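Residue strings, one per chain:
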Amino acid sequence: MKIHMIVAAEDPQICTSIIELVSNSGFEFELIGSPTSVRELDQLIRISSPDIVITGSHLSDSDCFPIIRQEKNNPGSTTQFLVFGGQSFESVYQAVKAGASDYLIFPIDPGELKASLAYAVDSQTNALFKDSTTRLFYINDQGAEILKNKSLTLEQVNSMYSTNFAMGLFQMLFIKFDFPNSFERINMSNPKMFRQVHSLVLKHFQDICADIILENKSDGIMILLNYVNERHNLVEIRILELYQLIGSQIKPRSGKDLTICVSATVTDPCDVWQIKEQVRDAEWSRIIYGVNKVIFWKPGSLDHAGIQSKLKPVGAKAKEAVESLDTAEFSAALRRFYNLPQHILVSHEARVFVKEIIASIFEMYWDTISEFTDPALIFDEISYYLHLCTTFQRHHTVLHTQCTDLLNNISQQINKKYSPSVTSALLFIKQNIDKKITIEDAAKYVHLSNGYFSFLFKRETGVNFTRFVKDQKNIVACKLLKTTNLNISEVACHIGFTEDVREFSKFFKALNGVTPTMYRQMHKNTAGDVL
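Residues numbered from 1 in each chain as written. Predicted model: local features only at pLDDT ≥ 70, side-chain atom pairs only at ≥ 80, totals over all residues. Heavy atoms only, no water.

Of the regular secondary structure elements, the protein holds 23 helices and 10 strands. The buried share of the protein, reckoned over its 531 residues, is 50%. Here the protein displays about 24700 Å² of accessible surface, and carbon together with sulfur accounts for 51% of that area. (Helix = DSSP H or I, 4+ residues; strand = E, 2+ residues; numbered from the N terminus. Buried < 20%, exposed > 50% of the residue type's maximum accessible area, 1.4 Å probe, protein only. Areas by Shrake-Rupley, 256 points an atom, 1.4 Å probe, with all protein chains shown as cover.)

Next comes the structure, spelled out in structure tokens:
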């Protein structure tokens with residue numbers, strides 16, 4: 001099972017050492033990021049929903065405890081926090097009070113970290129299923145070690161639940177009720193509706209499945225079935241019958257569209273995250289195939305490289321438009337995306353594409369959005385409205401409207417904050433980040449003298465022009481190192497270091513405390529994941 005993790009510390013070198021400890025602990029993980037401030041940590045948690053956060057008790061701007069309390073008070077969050085710091089009783093007390101899974105004394109002992117990670121992983125998995133009607137019990141491939149609820153023996157579990165846990169195939173269903181042509185909030189936590197669906201599911205599958213796990217979600221019901229290979233066809237028939245039953249007994253009273261999305265089968269009962277990803281892919285495909293049906297997600301032999309080659313230039317154009325706040329170009333990029341062939345639009349890569357386009361706006365302009373609204377609420381709102389779409393036409397309209405409105409608001413906020421000359425200079429920097437940018441070039445672009453432009457730029461942005469350009473180039477370099485497989489010289493060229501890679505390495509280390517190669521090694525598990 002891969003853990004999605006954030007490691008946060010005031011000093012980037014401390015992040016590096018902790019990531020190395022985690023790598024040596026035997027846990028498979030994907031590093032989402034290594035923020036150094038509470039503001040960056042909050043932003044990253046909101047966008048990525050990590051499984052585990054390892055954070056210092058104090059980051060560069062404040063302590064981490066309000067973030068932990070905020071996440072623990074969020075009913076939809078299952079993120080677990082490991083806090084490290086000094087031996088101060090106050091820090092330990094605040095961490096425990098906030099809801100951290102554990103507190104580690106720095107410097108961190110590898111053995112203690114491994115034990116804390118194991119506990120956090122177990123807590124995170126239990127939190128995922130805390131609202132399940134049936135408790136989650138799994139054993140490993142050998143059928144001996146109980147991974148959940150260790151207080152019970154295998155015999156006790158079998159006796160209580162009459163299951164043998166050795167079936168071998170796992171399949172997830174997602175029963176989704178859509179309000180037709182409406183943005184009215186779906187309340188699948190309705191106890192009466194959940195009980196009705198739960199009763200039908202158990203009645204229909206309990207004679208052929210060893211385990212039936214129901215998880216109540218805000219917009220549907222997730223169901224995990226465990227059965228033997230010989231019963232696969234029977235399970236598929238029962239799923240179709242279940243659709244008919246729910247459609248005849250519940251749908252008429254609820255007045256909602258009904259869709260059941262079904263994952264591909266897997267053999268690893270612990271890989272719940274992967275199963276859910278497959279269900280989300282099936283759910284995504286309902287936008288193409290339509291609602292009021294059962295959608296079996298069977299990816300088959302897709303040409304993933306070919307799909308990426310079609311999506312990559314569209315994504316690049318969309319992100320360029322976001323950088324320049326050009327809503328016309330952004331709209332054109334979205335039209336190109338929605339006009340792609342169906343086999344591309346239905347793919348996992350297309351679903352990720354939409355997520356990345358939305359995330360790019362918030363990554364670039366989180367601070368600006370914070371000046372006029374709560375960016376986390378806006379991010380959730382966009383995701384929520386897209387989740388309710390049941391056709392690609394509607395999906396296109398909602399994504400276009402939400403994102404262009406947001407980009408216009410960002411543009412207005414920047415124009416309000418900066419003079420036209422500085423606004424133009426900021427755009428000039430973004431458009432020429434792959435070149436050597438001098439203050440003389442920028443002053444000439446905005447038709448001001450060098451001296452007055454330098455004075456105006458620092459007065460309005462708070463930093464001098466040279467430092468601002470360095471910071472922007474560094475942001476681009478860090479992103480490329482984390483999310484692409486470009487070699488170091490290619491990354492250097494992307495931010496204007498076209499002649500000497502050593503100069504780029506010197507520049508990068510001065511700002512980040514590590515070389516580009518070390519930085520990429522720290523974030524190696526995220527390379528290639530982003531379009």
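With that settled, consider the pattern of salt bridges. A complete count under the given rule lists 7 salt bridges for this structure. Asp434 is the salt-bridge partner of Lys435, the closest N and O atoms lying 3.4 Å from each other. With relative accessibility at 41%, the residue Lys435 sits in the partly exposed group. In this structure, Asp471 and Arg467 form a salt bridge, with 3.2 Å as the shortest nitrogen-oxygen distance. Residue Asp471 and its partner Arg467 are located together in helix 20 (residues 465-483), separated by 4 residues, close to a single helical turn. (Salt bridge = Lys/Arg side-chain N within 4 Å of Asp/Glu carboxyl O.)

Turning to the side chain of Thr484, a few remarks are in order. Relative to the helices and strands, Thr484 is located in the loop between helix 20 and helix 21 (488-494). Residue classification places Thr484 among the buried positions, given a relative accessible area of 19%. One polar contact links the side chain of Thr484 to the main-chain carbonyl oxygen of Leu480, over a distance of 2.6 Å. (Polar contact = N/O pair within 3.5 Å; in protein donor to acceptor, adjacent residues only side chain to side chain.)

This paragraph deals with helix 19 (residues 450-461). In this model, helix 19 (12 residues) spans 16 Å end to end at C-alpha, consistent with the 16 Å of a helix rising 1.5 Å per residue. What helix 19 keeps buried is the set Phe453, Leu456, Phe457, Glu460 and Thr461. Looking straight down helix 19, one finds its buried side chains confined to an arc of 105°; they lie on one side. Turned more than 90 degrees away from the buried face of helix 19, the exposed residues are Gly451 and Arg459. (Expected span 1.5 Å × (residues − 1). Arc of directions from axis to C-beta.)

Of the residues in the protein, 84% have a pLDDT of 70 or more, and the chain-wide mean is 80. Predicted confidence is poor over residues 156-166, with pLDDT under 50, and the contacts of this stretch with residues over four places away or in other chains come to 22 contacts. Every residue in residues 181-188 is under pLDDT 50, and counting partners more than four places away or in other chains gives 29 contacts. (pLDDT = per-residue confidence, 0-100. Contact = heavy atoms within 4.5 Å.)

Counting 58 residues, the largest nonpolar core has Phe337, Ile358, Phe362, Ile410 and Phe457 as the members making the most contacts within it. At 10 residues, the largest contribution of residues to this core is made by helix 14 (residues 348-370). Ignoring sequence-local partners within four residues, the contact set of Phe362 consists of Gln43, Ile47, Ile369, Pro375, Ile378, Phe379, Ile382 and Leu406. Core analysis: the second largest hydrophobic core is formed by 34 residues, Ile19, Val491, Phe504 and Phe508 among them. (Core = buried A, V, L, I, M, F, W, Y, C linked by side-chain atoms within 4.5 Å.)

Before going further, it helps to examine unusual backbone geometry. Cis geometry is found at the peptide bond from Phe106 to Pro107, where omega equals 0°. Looking at the secondary structure, you find Pro107 in the loop between strand 5 (102-105) and helix 5 (110-128). A positive phi is found at Leu325, a non-glycine position, where the angle reads about 55°. Phi at His447 is positive, roughly 60°, even though this residue is not glycine. Secondary-structure assignment places His447 in the loop between helix 18 (439-445) and helix 19. Under the relative-accessibility criterion, His447 is labelled exposed at 73%.

On to the sheet that holds strand 4 (residues 80-85), then. Across the sheet, which stays open at both edges, the 5 strands sit in the order 2-1-3-4-5 with parallel pairing between neighbours. Both outer strands of the open sheet, strand 2 (29-33) and strand 5, are each paired with one neighbouring strand and no more. Averaged over all pairs of adjacent strands, the angle between strand axes in this sheet comes to 25°, irrespective of strand direction. Where helix 2 (residues 38-48) meets the sheet, it contacts strand 1 (3-8), strand 2, strand 3 (52-56) and strand 4, and its direction lies at approximately 170° from that of strand 1. (Pairing = 2+ DSSP bridges. Axes fitted to C-alpha atoms, helices over the stretch in contact; angles between N-to-C directions.)

Ring pairs (aromatic) are described by centroid distance and by the angle formed between their planes. If you walk through the whole model with that rule in mind, you get 17 aromatic pairs. Summarising the aromatic geometry, the rings of Tyr452 and Phe455 are spaced 6.3 Å apart at their centres and angled 40° between planes, so their arrangement reads as tilted. Of this pair, Tyr452 and Phe455 both sit in helix 19, 3 residues apart, which is roughly one turn of that helix. Of the residues examined, Tyr452 reaches a relative accessible area of 41% and is grouped as partly exposed. A network of ring pairs unites the aromatic residues Trp284, Phe337, Tyr338, Phe353 and Phe392 as a single cluster. (Phe/Tyr/Trp six-rings, centres within 6.5 Å; stacked < 30°, edge-to-face > 60°.)

Right, let's talk about the environment of Arg459 for a bit. The topology assignment puts Arg459 in helix 19. On the basis of relative accessibility, which here comes to 54%, the residue Arg459 falls in the exposed class. It is 9.8 Å that separates the C-alpha atoms of Arg459 and Tyr418, two residues lying 41 residues apart in sequence.

Bringing a negative patch on the surface into the picture now. Taken together, the side chains of Glu10, Asp11, Glu40 and Asp61 make up a negatively charged region of the molecular surface. Along the chain, Glu10 turns up in the loop between strand 1 and helix 1 (12-23). Since its relative accessible area comes to 47%, Glu10 is described here as partly exposed. (Patch = residues over 30% accessible without salt bridge, like charges linked within 9 Å, V, L, I, M, F, W, Y side chains within 5 Å. Lys, Arg positive; Asp, Glu negative; His and termini not counted. Charge placed at Lys NZ, Arg CZ, Asp CG, Glu CD.)

Further remarks concern the packing of helix 11 (residues 304-324) against helix 12 (residues 327-338). Remark: helix 11 packs on helix 12, axes separated minimally by 8 Å, with the N-to-C direction vectors making an angle of 160°. Comparing their axes, helix 12 and helix 11 come out roughly antiparallel. Crossing geometry of helix 11 relative to helix 12 is assigned as left-handed. Here Leu311, Val314, Lys317, Ala318, Ala321 and Val322 of helix 11 lie close against helix 12, whose contacting residues are Glu329, Phe330, Ala333, Arg336 and Phe337. Of the residues that constitute the contact of helix 11 with helix 12, the class distribution is 8 nonpolar, no polar and 3 charged. (Parallel < 35°, antiparallel > 145°, perpendicular 65-115°, else oblique. Left-handed = near helix turned anticlockwise from the far one by under 90°. Nonpolar A, V, L, I, M, F, W, Y, C, P; charged D, E, K, R; others polar.)

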